[in-house]
Amino acid sequence: MINYDEIKDKRIAVLLSGGVDSSVVVYEFARMGLHPDCFYIKIGPEEEEEWDCSSEEDLEMATAVAHKYGCRLEVVDCHREYWDQVTRYTMEKVKAGFTPNPDVMCNRLVKFGAFDEKKGRDYDYIATGHYAQTEWIDGQKWLTTSPDPVKDQTDFLAQIYDWQLRKALFPIGHYMKDEVRVIAEREHLVNAKRKDSQGICFLGKINYNDYIRRYLGENPGDVIEMDTGRRIGRHKGLWFHTIGQRKGLGFGEGPWFVVKKDVEQNILYVSHGYDPQDAYQTDFMVHDFHFLTAPFTSAQVTFKIRHTPDYHPATLEMVDGQRYMVHSAHPIHGVAPGQFCVVYDEDHHRCFGSGEITV
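Residues numbered from 1 in each chain as written. Predicted model: local features only at pLDDT ≥ 70, side-chain atom pairs only at ≥ 80, totals over all residues. Heavy atoms only, no water.

Quick look at the overall build of the chain
1) Next: Helix and strand counts for the chain stand at nine helices and 17 strands.
2) Next: For 359 residues, the compact-globule estimate of 2.2 N^0.38 gives 21 Å, and the C-alpha radius of gyration of the chain, at 21 Å, lies within 12% of that figure.
3) Next: With respect to the three principal axes, the spread of C-alpha positions in the chain is 65 × 50 × 35 Å.
4) Next: Sequence separation of 24 or more characterises 67% of the internal contacts of the chain that already satisfy a separation of 6 or more.
5) Next: Just so you have it, the chain exposes about 16,500 Å², and 47% of that area is on carbon and sulfur atoms.
6) Next: Of the charged side chains in the chain, 41 are positive and 56 negative, and the gap between their average positions amounts to 3 Å. (Helix = DSSP H or I, 4+ residues; strand = E, 2+ residues; numbered from the N terminus. Rg over C-alpha atoms; globule rule 2.2 N^0.38 Å. Contact = heavy atoms within 4.5 Å. Areas by Shrake-Rupley, 256 points an atom, 1.4 Å probe, with all protein chains shown as cover. Lys, Arg positive; Asp, Glu negative; His and termini not counted. Charge placed at Lys NZ, Arg CZ, Asp CG, Glu CD.)

Comments concerning the sheet that holds strand β3 (residues 73-77)
1) Next: The five strands are arranged β3-β2-β1-β4-β7 in an open sheet whose pairing can be described as parallel. The sheet is open, and its two borders are formed by β3 and β7 (168-169), each paired with just one other strand.
2) Next: Where strand β4 (residues 125-127) and β7 come together, two bridges link them in parallel fashion. Residue pairing across strands places Ala127 opposite Leu169, the latter belonging to β7.
3) Next: Across the face of the sheet, helix α2 (residues 20-30) comes into contact with β1 (12-15), β2 (37-42), β4 and β7 while running at roughly 155° to β1. (Pairing = 2+ DSSP bridges. Axes fitted to C-alpha atoms, helices over the stretch in contact; angles between N-to-C directions.)

Section: the pairing of strand β10 (residues 256-262)
1) Next: Of all seven residues that make up β10, five are buried, and the element is covered over most of its length.
2) Next: Where β10 and strand β11 (residues 267-272) come together, six bridges link them in antiparallel fashion. In the sheet register, Lys261 faces β11, and the bridge partner there is Leu268.
3) Next: The hairpin turn running from β10 into β11, its antiparallel successor, is four residues long, and Asn266 in that turn takes a positive phi close to 55°. (Buried < 20%, exposed > 50% of the residue type's maximum accessible area, 1.4 Å probe, protein only.)

Side note on the environment of Phe170
1) Next: Secondary-structure assignment places Phe170 in the loop between β7 and α8 (177-186).
2) Next: Setting aside chain neighbours within four positions, we find Phe170 in contact with Phe112, Thr128, His130, Ala132, Gln133, Thr134, Leu143 and Leu157.

Description of the pattern of salt bridges
1) Next: Taken as a whole, this structure holds 23 salt bridges when the rule is applied.
2) Next: Across the salt bridge formed by Arg11 and Asp124, the nearest N and O atoms sit 3.3 Å from each other. Of this pair, Arg11 sits in the loop between α1 (4-7) and β1 while Asp124 sits in the loop between α5 (102-118) and β4, and the two are 113 residues apart along the sequence.
3) Next: Here Lys167 makes a salt bridge to Asp116, at a shortest N to O gap of 2.7 Å. Of this pair, Lys167 sits in helix α7 (residues 162-167) while Asp116 sits in helix α5, and the two are 51 residues apart along the sequence. (Salt bridge = Lys/Arg side-chain N within 4 Å of Asp/Glu carboxyl O.)

Quick notes on helix α3 (residues 55-68)
1) Next: Helix length check: α3 (14 residues) gives 20 Å between terminal C-alpha atoms against 20 Å at 1.5 Å per residue, within 8%.
2) Next: Taken together, the buried positions of α3 are occupied by Ser55, Asp58, Met61, Ala62, Val65 and Ala66. With its buried residues spanning 130° around the axis, α3 presents them on a single face. α3 presents Glu56, Glu60 and His67 as exposed residues on the side facing more than 90 degrees away from its buried surface.
3) Next: Of the surrounding secondary structure, the elements contacted by the buried residues of α3 are α2, β2 and β3.
4) Next: Of the residues one or two after α3, Gly70 is the one with positive phi, at around 65°. (Expected span 1.5 Å × (residues − 1). Arc of directions from axis to C-beta.)

Rendered as structure tokens:
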């Protein structure tokens, strides 16, 4: 929850996307008598006419909300930074057979990165509609989880830099999603009933596979049953599949689960059945661990490897300064190289940061 005395005399920039969450952020400031400057970050595709892009509607919504609360709205073009940095990161990872998360890097490189360089440096705080909180503990600012376990977005923020965290405000992070909807309807916000975006960060309705296909095309190869070595079909490209994937495979005699990718041979390995043991791991390495505030104070932690409400208890074993072996208390489904392992304290309250999973 925002501390009014802490921010009343500060310069605040709100990243207003046109969605209901960031719109309620503006309301939260307005009800305290504050009228922060709002910014709509433009990150449309390079050739918008080829995509089903909702950016025009987003900007209309953002304009209406800013006007309603007497806030200035400015469009900031971060198109080049997104496609040069976030897209390049994503394509390099998927081409190498890894499972990247472009939304994680978008927060570090664009929302709290490129925007700060262009406009944010003139402000004390940058406020967003993330479902996350911050808390001062022993003189240090920590990223802490939202009470809504389904919507909590600390995993998407676990790669931002410490200086970015110090500038971050998450005014709706203490709410449940349903509460935000109630506020939006009560205040007659133009987007109160608008559905949440299901696409890639900032790219609206763009499908992830279409995003990948646009830059890497297709690269067909064999699909092999791991247990028998039997060829069961063809895939259109390893980059369209992730370890642990259960849906959308399109092969007969299912269900099938992706258990391995051989990049050199361009082979996708799958297992048959509802819960193959090959899809589980208890121990895996995490490298280049990025600490948000301070290193671990205990080897006993909780973690998640994908955006779900579930936190898994584990013990961490330091290998060297930036590599850790994660010993999960129980088998984890779908551990894939390139995923971010996000680490929390035992109560999954404070987020320590994240690192990339290696084989």
